[in-house]
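Chains, contacts and geometry: an overview
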Amino acid sequence: VQLQAFGGGLAQAGDSLRLSCSASGLGVKIHSIGWFRQAPGKVRKFVAAVSYRSGSTYYSDSVKARFTISRDIAKNTVYLQMNSLKPEDTAVYYCGASGYYDYSRLSAGNYYYDWGQGTLVTVSS
């Protein structure tokens, strides 16, 4: 599986950005795509995930109601629409491919096969 995340950039608090995760080589073992983020000096944390087949979505409490994850199967792309951005959303955002489809494992980073290279989002106050 090859994943490429892009769409990051500079934003001001309250702005919106949309990240994209382009996937190739998805096989039958891949059920879901997730987004994680890693702020400077901190561990990588779960943001959101989508079941590639059913479309079920999962979010961390910190982004619920502000971020929306979606997938376009025809384009093999997963999107993360980020609204009402806050300075604490500043991080490198990674997308990953997982063979699982339940929240408990999708929200844990060690259940992902592959990761994209990450895209930096910087939100100023």
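Residues numbered from 1 in each chain as written. Predicted model: local features only at pLDDT ≥ 70, side-chain atom pairs only at ≥ 80, totals over all residues. Heavy atoms only, no water.

**Some words on unusual backbone geometry**
- Unusually for a residue other than glycine, Asn76 sits at a positive phi of about 50 degrees.
- Assignment of secondary structure puts Asn76 in the loop between strand S7 (67-72) and strand S8 (77-82).
- At Ser84, a residue that is not glycine, the phi angle is positive and equals roughly 50 degrees.
- Here Ser84 is to be found in the loop between S8 and strand S9 (91-98). (Helix = DSSP H or I, 4+ residues; strand = E, 2+ residues; numbered from the N terminus.)

**A word on the packing of aromatic side chains**
- For the structure shown, the criterion picks out seven aromatic pairs.
- An angle of 90 degrees between the planes, with centres 5.1 Å apart, marks the rings of Phe36 and Trp115 as edge-to-face. Placement of the pair is Phe36 in strand S4 (residues 32-38) and Trp115 in strand S10 (residues 112-115), with a sequence separation of 79 residues.
- Among the residues examined, Phe36 registers a relative accessible area of 2% and is labelled buried.
- On the basis of an interplanar angle of 45 degrees and a centroid distance of 6.1 Å, the ring pair of Tyr58 and Tyr103 is categorised as tilted. On the criterion of sequence distance, the pair formed by Tyr58 in strand S6 (residues 57-59) and Tyr103 in helix H1 (residues 103-106) is long-range, its members being 45 residues apart.
- Among the aromatic residues, those joined into a ring-pair cluster are Phe36, Phe46, Tyr58, Tyr103, Tyr112 and Trp115.
- The residue whose ring lies beneath Arg44 is Tyr94, and the NZ or CZ to ring-centre distance is 3.8 Å.
- The aromatic ring of Trp115 is capped on one face by Arg44, whose charged end is 4.8 Å from the ring centroid. (Phe/Tyr/Trp six-rings, centres within 6.5 Å; stacked < 30°, edge-to-face > 60°. Buried < 20%, exposed > 50% of the residue type's maximum accessible area, 1.4 Å probe, protein only. Lys NZ or Arg CZ within 6 Å of the ring centre and 35° of its normal.)

**Some words on the state of the cysteines**
- Evaluated as defined, the whole model comprises one disulfide.
- Two residues, Cys21 and Cys95, share a disulfide whose sulfurs are 2.2 Å apart. Between Cys21 and Cys95, the S-S torsion sits near 75 degrees, and that sign places the bridge as right-handed. Of this pair, Cys21 sits in strand S3 (residues 17-24) while Cys95 is found in strand S9, placing the two residues 74 residues apart along the sequence.
- Here Cys21 falls in the buried class, since its relative accessible area comes to 0%. (Disulfide = S-S within 2.5 Å.)

**Things to note about the environment of Tyr58**
- Along the chain, Tyr58 and Phe6 lie 52 residues apart, while their C-alpha atoms are 21 Å from each other.
- Non-local contacts of Tyr58, meaning those with residues more than four positions away in its chain, are made with Phe46, Val47, Ala48, Ala49, Tyr101, Asp102, Tyr103 and Leu106.
- A distance of 2.8 Å separates a polar atom in the side chain of Tyr58 from the backbone oxygen of Tyr101. (Contact = heavy atoms within 4.5 Å. Polar contact = N/O pair within 3.5 Å; in protein donor to acceptor, adjacent residues only side chain to side chain.)

**Some remarks on the pattern of salt bridges**
- Enumeration according to the criterion identifies four salt bridges in this entry.
- A salt bridge links Lys64 to Asp61; its shortest N-O distance comes to 3.4 Å.
- Residue class for Asp61 comes out exposed when judged on its relative accessible area of 67%.
- One salt bridge in this structure joins Asp89 and Arg66, with 2.8 Å as the shortest N-O distance. One end of the pair, Asp89, is in the loop between S8 and S9; the other, Arg66, is in the loop between S6 and S7, with 23 residues separating them in the sequence. The same class applies to Asp89 and to Arg66, which are both buried.
- Via salt bridges that share partners, Arg37, Arg66 and Asp89 belong to a single interconnected network. (Salt bridge = Lys/Arg side-chain N within 4 Å of Asp/Glu carboxyl O.)

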